[in-house]
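Next come the chains, spelled out residue by residue.
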Amino acid sequence: MIEVRDLVKNFGEFCAVNHVSFEVSAGRIFGFLGPNGAGKTTTIKMLTTILKPTSGIIRVDGHDPVHEKHQVRSSFGIVFQDPSLDSELTAWENLELHGVLYGVSSNERKQRIEKLLKFVELWDRRKDFVKNFSGGMKRRLEIARALIHVPKVLFLDEPTLGLDPQTRNHIWNYIRLLNKEQNITVFFTTHYMEEAERVADEIAVIDRGKIIAQDTPVTLKEKTHTRSLEDAFIALTGYAIRDEEVSSVDRMRTIGKVWGR
Amino acid sequence: MDVICILALRQLKRYLRARARIIGSLGQPILFLVALGFGFGRTYEKAGGGNYIQFLAPGIIAMGILFTAVFSGIEIIWDRQFGFLKETLVAPVSRLQIVLGRTLGGAAVALIQGLIVFLVCIVAGFRIHYIAFLPVALIFMFLISILFTAMGTVVGSILEDLHAFPLIMNFLVMPLFFFSGALFPVQDVPKALKIAVDINPLSYGVDGLRGAMSQGFLFGLGTDFIVLSILTAILLTVGSYFFSRIQL
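Residues numbered from 1 in each chain as written. Chains lettered and ligands numbered in written order. Predicted model: local features only at pLDDT ≥ 70, side-chain atom pairs only at ≥ 80, totals over all residues.

A separate point is the overall build of chain A. A count of helical and extended segments in chain A gives 10 helices and nine strands. Against the globule reference of 18 Å for 261 residues, chain A gives a C-alpha radius of gyration of 18 Å, in line with a compact fold. Reported as C-alpha extents along the three principal axes, the dimensions of chain A are approximately 50 × 45 × 40 Å. Counting over 261 residues, chain A shows a buried share of 42%. Long-range pairs, those at least 24 residues apart, make up 68% of the contacts in chain A between residues at least 6 apart in sequence. (Helix = DSSP H or I, 4+ residues; strand = E, 2+ residues; numbered from the N terminus. Rg over C-alpha atoms; globule rule 2.2 N^0.38 Å. Buried ≥ 20, exposed ≤ 12 C-beta atoms within 10 Å, placed from the backbone. Contact = placed C-beta atoms within 7 Å.)

Laid out in structure tokens, this is it:
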């Protein structure tokens, strides 16, 4: 379903993704793990047509995100690392807008929005503005939104970041259910190793732009002689703390707070 | 078409739901109308210029539209910050559709703002000469709206954050307003200033509005219309080019 060969992305001198190759077969749940700044989000951006790779080959559902953007875009749903809902619109309006963008017919739209809002248990809040939602509710709404056009692949970039254990548990349950019942391929990143261990069929560990291990959680533990995936992860990537450079979006957020928006 | 409509509708909904924004952005035009209109009115009349409110009001309407339109365009920067831009960028729709939807929505918002300023002007004593010309005035208001929303789109697509905001205000929006003939007649101004007025797109908008509403055209109805239309087309093209180059 996803095929990546020799993928490279340079930002000036800095090499964010360095000759990365991996494959995700259809119907699998694939965990993409790595410390901060390892190149996870950069890779997702390239897979999802937002960023152009420096070199290498990518196929998502058999299509190339550089030259066949339209086909690739129709094939996946995504939950971004940062919220991407319009908070001035209601839950329903956000999903409606997504449905129209993805060319879902009006009848289908209505049915699917209802079904998905019920699935993520937000049906009762459909007429509420998203700005009044909690972090967990926003995440659930984003997952519902990503499914309206019935994607073949679901990208989740740290979907449970900053949520309480109950909500996290809930979210992974939805995702496993989707994977099982509708055979959706799932590609996710997370910093919560115990989640990855529980959910993923297969895991790739990326560090400093290179994939340093790729296997099932069980084999990874065996290979590193560790008991948990967290220990295996540290054995692979070391103890040093990574600092990410502040992006323009982070700077904007600071300004936004000052402006009270 | 659906895509363009729903994106435009989104801009409208956001505007209509933010009452504070509507009232807030009326402040500046009203201030200019009252302070200049009544402050300079007598002097202007004594100098033989006629009724100053009749002269000023179309300029103030254009101002209201200009400010709202540029900011609607610049909203791209906010959408980038709050993440919604990503949602539209990964959607399987052409970038041109996104730009058109955003621009039409922003223009509709600016047009409504212009109509509200128009009503305020009437309350302040402004009277239009020929009611029959009102549709022409509306067309000009719409053209100004689209033109400057498209300009805002260009700026919003190039900038990554709002650090340059004072720069946009002081070196783009304010000069456009002051050198447009909105506040004073431009027939007898010094040559350098006249050139600034002639190359300023808003001058043609103000002239079109003034011609249709209260006094004669300076550049001519046809010239105003053609200049605004061509510039709108150019800015829409440039806007969608820069928008399509956005990477997150």
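Helix and strand counts for chain B come out as 10 helices and zero strands. For chain B, the α and β elements follow one another from N to C terminus as α-α-α-α-α-α-α-α-α-α. The burial tally for chain B puts 48% of its 248 residues in the buried class. A sequence separation of at least 24 residues applies to 83% of the contacts in chain B between residues at least 6 apart.

Each partner contributes to the interface: chain A provides 30 residues, whereas chain B provides 25 residues. No other element matches helix α10 (residues 248-259) of chain A, which puts seven residues into the side of chain A that touches chain B. For the side of chain A that touches chain B, the class distribution of residues is 14 nonpolar, eight polar and eight charged. (Nonpolar A, V, L, I, M, F, W, Y, C, P; charged D, E, K, R; others polar.)

Below, the discussion takes up the pairing of strand β9 (residues 210-215) of chain A. Taken together, the five bridges between strand β8 (residues 202-207) of chain A and β9 of chain A define a ladder with antiparallel strand orientation. Each bridged residue has a counterpart across the sheet, and for Asp-207 of chain A the counterpart in β9 of chain A is Lys-210 of chain A. (Pairing = 2+ DSSP bridges.)

Pairing geometry for strand β1 (residues 2-11) of chain A and strand β2 (residues 14-24) of chain A, over seven bridges, is antiparallel. In the sheet register, Ile-2 of chain A faces β2 of chain A, and the bridge partner there is Val-24 of chain A.

Let's shift gears to the packing of helix α9 (residues 201-213) of chain B against helix α10 (residues 221-244) of chain B. Residues and elements named next belong to chain B. Between α9 and α10, the shortest axis-to-axis distance is 9 Å and the interhelical angle comes to 140°. In terms of orientation, α9 and α10 fall into the oblique class. In this structure, the crossing between α9 and α10 has a hand that is left-handed. Within the contact between the two elements, α9 uses Pro-201, Tyr-204, Gly-205, Asp-207, Gly-208 and Gly-211 and α10 uses Leu-221, Asp-224, Phe-225, Val-227, Leu-228 and Leu-231. Considering only residue class, the contact of α9 with α10 consists of seven nonpolar, three polar and two charged. (Axes fitted to C-alpha atoms, helices over the stretch in contact; angles between N-to-C directions. Parallel < 35°, antiparallel > 145°, perpendicular 65-115°, else oblique. Left-handed = near helix turned anticlockwise from the far one by under 90°.)

Moving on to the sheet that holds β2 of chain A. Residue and element names in this part refer to chain A. If you trace the three strands from one edge of the open sheet to the other, you get β2-β1-β4, paired in antiparallel fashion. Strand pairing shows two members of the sheet lacking a second neighbour, β2 and β4 (55-60), which therefore form its edges. Pairs of neighbouring strands in the sheet enclose a mean axial angle of 20°, with direction left out of account.

Turning to the sheet that holds β9 of chain A, a few remarks are in order. All names here are of chain A. Taken in spatial order, the six strands line up as β5-β6-β7-β3-β8-β9 in an open sheet, and their pairing is mixed. Pairing within the sheet leaves two strands with one partner each, and these edge strands are β5 (76-79) and β9. Averaged over all pairs of adjacent strands, the angle between strand axes in this sheet comes to 15°, irrespective of strand direction. When strand β6 (residues 153-157) meets strand β7 (residues 185-189), the two strands line up parallel, connected through five bridges. Bridge assignment links Phe-155 to a residue of β7, and that residue is Phe-187. Each of β8 and β9 touches helix α8 (residues 217-224); the most contacted strand, β9, lies at about 110° to it.

What follows is about the nonpolar core. Ranked by size, the top nonpolar core spans 142 residues in total, and within it Ile-61, Ala-62 and Leu-66 of chain B carry the most contacts. Looking at this core, the element that brings in the most residues is helix α3 (residues 52-81) of chain B, giving 18 residues. (Core = buried A, V, L, I, M, F, W, Y, C linked by C-beta atoms within 7 Å.)

Within the element layout of this structure, Trp-78 of chain B appears in helix α3. Between the C-alpha atom of Trp-78 of chain B and that of Leu-172 of chain B, which follows or precedes it by 94 residues, the distance is 19 Å.

Before going further, it helps to spend a moment on the environment of Gly-64 of chain B. Residue and element names in this part refer to chain B. Structurally, Gly-64 is set in helix α3. Gly-64 sits in the buried class, given 28 other C-beta atoms within 10 Å. When the C-alpha positions of Gly-64 and Leu-115 are compared, they lie 9.1 Å apart, and in sequence the two are 51 residues distant. In this structure, Gly-64 is in contact with Pro-29, Gln-113, Gly-114 and Val-117, ignoring residues within four places of it in sequence.

Burial analysis of helix α3 (residues 91-101) of chain A places 10 of its 11 residues in the buried class, the great majority of the element. Looking at the buried positions of α3 of chain A, the neighbouring elements they touch are α4 (106-119) and α5 (135-147) of chain A together with α1 (2-17) and α4 (84-89) of chain B. Positive backbone phi, at 70°, marks Gly-103 of chain A, one or two positions downstream of α3 of chain A.

All names here are of chain A. A positive phi angle is found at His-19, which is not glycine, with a value near 50°. Assignment of secondary structure puts His-19 in strand β2. Phi at Asn-183 takes a positive value of approximately 60°, unusual for a residue other than glycine. Among the structural elements, Asn-183 can be located in the loop between α6 (165-182) and β7. Overall, the presence of 11 C-beta atoms within 10 Å leaves Asn-183 in the exposed class.

Turning to the packing of helix α2 (residues 19-46) of chain B against helix α5 (residues 95-123) of chain B, a few remarks are in order. All names here are of chain B. At a minimum axis distance of 11 Å, the contact between α2 and α5 shows a crossing angle of 35°. By crossing handedness, the relation of α2 to α5 is classed as right-handed. Each of Ser-25, Leu-26, Pro-29, Ile-30 and Leu-33 in α2 lies in contact with α5, whose residues at this interface are Gln-113, Ile-116, Val-117, Val-120 and Cys-121. Taken together, the residues of the contact of α2 with α5 sort by class into eight nonpolar, two polar and no charged.

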